[in-house]
Amino acid sequence: MKKQSIQVVLLKNNTNLEKHSMGIHQINDNIVASELNNIQEEALPEVCLPGNGVSISDTAEALAMAYQNASNAELRVFNHGGAICHVMEGSSGSKTLVVLEPKRACSEFEQVARLVKRKPVKGGGPEDYTTEPAVCTTSIAGQILCSRKFFNLISKINLVTNAPVILRGKNNVCRIINSYDETSGIFPTGVPAEEVPLDEAIRLLNLVVADFHYQSEGDKSRALAALLTPALVAGGILNARSPMMLLEADKSQSGKSFFSKILGAIYNETPVTVTQRERGTGGLDENFDAAVCSGRQLIVLDNLRGKLNSPQIEAFLTSERHMARMPYSPQVEVEPGRYFIMATSNNFELTVDMANRACIIRIFMQSKNYQFQSFPEGDILDHIKANQPRYLGAVFTVIREWVRLGSQRMPHAAHDFRDWCRALDWMVQNILHGALLMDGHREVQMVTVHPEVNWLKGLYNVIRDLDELDKPMTALNLAERCELAEVELPGAMGASWQDLDERGHRQVCSQIGRRLANLYKKLGDNREVCIGNFSVTRESRRMTYASGNYENAMCYRFNPVA
């Protein structure tokens, strides 16, 4: 009767029949929606806010239990290393962990409980109370979030992923989780992985790495290892620390960033990108910690320049626990062993400690005539995105086969991350039919430590492109080639060769000679140094000039190494 009287009043106050009808329907919809909301609210547990005999700990405990019993895991909050976080979807579609601020908590609490407050009964005794609906204030929300009882009762979380995660179950039988797992603290989402036969899995994973021009077969094997590593460490199947995978290209646009996108596509992720900043707020370490706090597994240090000297990242790659710090937010204690760190660069230098913590994959730019794979969906990246559950299933198949065969390992390791190296070397060689995993890697690590080597590599590339290999060159010739390739001119203080006077030219040539002499001395050979895929020999030659004058000068020959 009440609903009908409301409709009559509306009809009397309107002259347009169509508007009358729309108004009636709107009122009906509002009433139905209100009744549904009332039903939903009654289904939520009642939590009394602090005051009138209710302590902060009482409210914190009741709210924590409401979160534990929430049917929708995405509405829950989690204890992420001492910080209360909730799961949000970023602009790229990837799930991420965000620290729950008190202002947001006021409304988030309402998603899992009916908030009320106690009110004394008028005329009643000291124990007589009734309850009424209430809104949580920012102050009370902050007190609840800081409560020890709330922290202790809220479920812990380590990672949030956009794809299922493989774990080692009982009797060494792998199990795959597709939703929040209390034991591991992993919150996977996304489409379940497909079951893929072993032969097909081997074919698919080799297809992923086929379009890149590797400097050696060992580099290709390390690329295959990079595809498997995120799945192995996320769920603790390997139970060993993995190195930072460092993708080094000889030139820009060689495909290093494309490789990271492909790897991310297999795991249905857009990797968290961390870049070096020369200006503005936030250095490399601060941006790295922000990426770690997000709870997303795949982190890429993109397009590194100069020297990577970060004791913080070095410690992250070997420590059992890491305290990540973000401005204006609580510290977050994370388990570094579950994360997968990758870096890309054309020209970089590592400290000795960082080089020992890196697994380096070297690629060349493909020739202009190279025919890349094509698929109905487009290129290989488009193809993987369209068939992501199948490619992730291929990764899981290889891992299950390794576990079924007894989780075997090679007897020796040519890397400081020995357990990771021995396990991946066995998998790559015996399951994926690849080459020796660390073939030539010690020499590659040495190259990244010495700045003279990086400079010499850039010089070799331009001499090769100019078809001047095996041609004797003086320091003056090398300086001119540096200018052509925009390679650093030693001793020029940033000036170009054309802007220097005669004295400046002599200084540059002198610095080139000293730099090369220092490198020969370091590497212990007075005549020849071998650096990766090329060598440089030196000899003293008598040089005759157009004026008729002559002198003995040191000459250098660049040649590829077979």
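Residues numbered from 1 in each chain as written. Predicted model: local features only at pLDDT ≥ 70, side-chain atom pairs only at ≥ 80, totals over all residues. Heavy atoms only, no water.

### Quick notes on the packing of aromatic side chains
Thought 1: Using the criterion set out here, one finds 13 aromatic pairs in the structure.
Thought 2: Arranged with centres 6.5 Å apart and planes meeting at 45 degrees, the rings of Phe212 and Phe258 form a pair that is tilted. With Phe212 in the loop between helix H7 (198-208) and strand E11 (213-214) and Phe258 in helix H9 (residues 256-266), this residue pair connects regions lying 46 residues apart in the sequence.
Thought 3: For the pair Phe288 and Phe316, a centre-to-centre distance of 5.1 Å together with 90 degrees between the ring planes defines the contact as edge-to-face. On the criterion of sequence distance, the pair formed by Phe288 in helix H10 (residues 284-293) and Phe316 in helix H11 (residues 311-316) is long-range, its members being 28 residues apart.
Thought 4: The class of Phe288 is buried, set by a relative accessible area of 0%.
Thought 5: Pairwise contacts between aromatic rings join Phe212, Tyr214, Phe258 and Phe259 into one cluster. (Phe/Tyr/Trp six-rings, centres within 6.5 Å; stacked < 30°, edge-to-face > 60°. Helix = DSSP H or I, 4+ residues; strand = E, 2+ residues; numbered from the N terminus. Buried < 20%, exposed > 50% of the residue type's maximum accessible area, 1.4 Å probe, protein only.)

### Some points on the sheet that holds strand E6 (residues 129-133)
Thought 1: Spatially, three strands are ordered E1-E5-E6 in an open sheet, and the strand pairing comes out mixed. Two strands lie at the open edges of the sheet, namely strand E1 (46-48) and E6, each paired on one side alone. Shown here is a sheet whose adjacent strand axes are inclined to one another by a mean of 45 degrees, direction ignored. (Pairing = 2+ DSSP bridges. Axes fitted to C-alpha atoms, helices over the stretch in contact; angles between N-to-C directions.)

### Quick word on helix H14 (residues 388-404)
Thought 1: Under the 1.5 Å per step criterion, the end-to-end length of H14 is 24 Å for 17 residues, consistent within 8% with the ideal 24 Å.
Thought 2: Counting buried residues in H14 gives 14 out of 17 residues, a clear majority hidden from the surface.
Thought 3: In the stretch just after H14, Gly406 is the one whose phi turns positive, near 100 degrees. (Expected span 1.5 Å × (residues − 1).)

### Focus: the side chain of Ser254
Thought 1: Relative to the assigned elements, Ser254 resides in the loop between strand E12 (244-249) and H9.
Thought 2: Once residues lying within four places of it in the same chain are set aside, the contact partners of Ser254 are Ala249, Ile363, Phe364 and Met365. (Contact = heavy atoms within 4.5 Å.)

### Let's talk about unusual backbone geometry
Thought 1: Backbone geometry places Asn52, a non-glycine residue, at a positive phi of 55 degrees.
Thought 2: With respect to the helices and strands, the residue Asn52 is situated in the loop between E1 and helix H3 (56-68).
Thought 3: Backbone geometry at Asp470 places phi at a positive 65 degrees, although glycine is not the residue there.
Thought 4: On the secondary structure map, Asp470 appears in the loop between helix H17 (451-465) and helix H18 (475-485).

### Concerning the pattern of salt bridges
A pair can form between side chains of opposite charge whenever their charged atoms are brought close.
Thought 1: For the structure on display, the rule yields 31 salt bridges.
Thought 2: Glu108 is paired through a salt bridge with Arg104; the nearest N and O atoms lie 3.7 Å apart. One end of the pair, Glu108, and the other, Arg104, are both in helix H4 (residues 102-108), four residues apart, so they sit about a helical turn from each other.
Thought 3: With a relative accessible area of 13%, Glu108 lands in the buried category.
Thought 4: Overall, Arg104 belongs to the partly exposed group, its relative accessible area being 39%.
Thought 5: The partner of Glu488 in a salt bridge is Arg515, with the nearest N and O atoms 3.2 Å apart. Here Arg515 lies in helix H19 (residues 502-522) and Glu488 lies in the loop between H18 and H19, a separation of 27 residues in the sequence.
Thought 6: Where salt bridges share partners, they join Glu194, Glu200, Arg203 and Arg390 into one cluster. (Salt bridge = Lys/Arg side-chain N within 4 Å of Asp/Glu carboxyl O.)

### Concerning the environment of Gly53
Thought 1: Looking at where Gly53 falls in the secondary structure, it is placed in the loop between E1 and H3.
Thought 2: Note: C-alpha distance between Gly53 and Val99 (46 residues apart in sequence) is 30 Å.
Thought 3: With residues near it in sequence (within four places) discarded, Gly53 still touches Asp58 and Arg118.

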